[in-house]
Amino acid sequence: ESNAEVKNLDVENLVISHIQVNRAQHQRRRTYRAHGRINPYMSSPAHVELFLSEKEVQVKKPEDTEESPKKIAGKKKGPKARLT
């Protein structure tokens, strides 16, 4: 939240756009056991990547009242139409 406020983003409109979790390097420690034995005590940390972005406002597309230009079908008709 504080990063969003610093970047002048609206906190209420934030949406998760990307999440990625990767393994990090194991941290090696040791645990002491009975009779003078030692066992490894490994932790499994992770790198978490989280991107938030503002939700875009949906704008309605205006209805097309004009006819769209017709496409020319075929290879031979295209160059002739460009010359005229």
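The rules behind the values
Residues numbered from 1 in each chain as written. Predicted model: local features only at pLDDT ≥ 70, side-chain atom pairs only at ≥ 80, totals over all residues. Heavy atoms only, no water. Helix = DSSP H or I, 4+ residues; strand = E, 2+ residues; numbered from the N terminus. Contact = heavy atoms within 4.5 Å. Patch = residues over 30% accessible without salt bridge, like charges linked within 9 Å, V, L, I, M, F, W, Y side chains within 5 Å. Areas by Shrake-Rupley, 256 points an atom, 1.4 Å probe, with all protein chains shown as cover. Salt bridge = Lys/Arg side-chain N within 4 Å of Asp/Glu carboxyl O. Lys, Arg positive; Asp, Glu negative; His and termini not counted. Charge placed at Lys NZ, Arg CZ, Asp CG, Glu CD.

1. Some remarks on the side chain of Ser 43
Thinking step 1. Tracing the backbone shows Ser 43 in strand E3 (residues 38–43).
Thinking step 2. Sequence-distant contacts of Ser 43, defined by excluding residues within four places in its chain, comprise His 26, Gln 27 and Arg 29.

2. Let's talk about unusual backbone geometry
Residues other than glycine predominantly adopt negative phi, and peptide bonds predominantly adopt the trans conformation.
Thinking step 1. Residue Asn 8 is not a glycine yet carries a positive backbone phi of 60°.
Thinking step 2. Positive phi, close to 60°, is recorded for His 35, a residue that is not glycine.
Thinking step 3. Here His 35 is to be found in the loop between strand E2 (27–32) and E3.

3. Comments concerning a negative patch on the surface
Thinking step 1. A cluster of acidic side chains, namely Glu 1, Glu 5, Asp 10, Glu 12 and Glu 54, defines a negative patch on the protein surface.
Thinking step 2. Counting through the fold element by element, Asp 10 comes out in the loop between helix H1 (2–6) and strand E1 (14–23).

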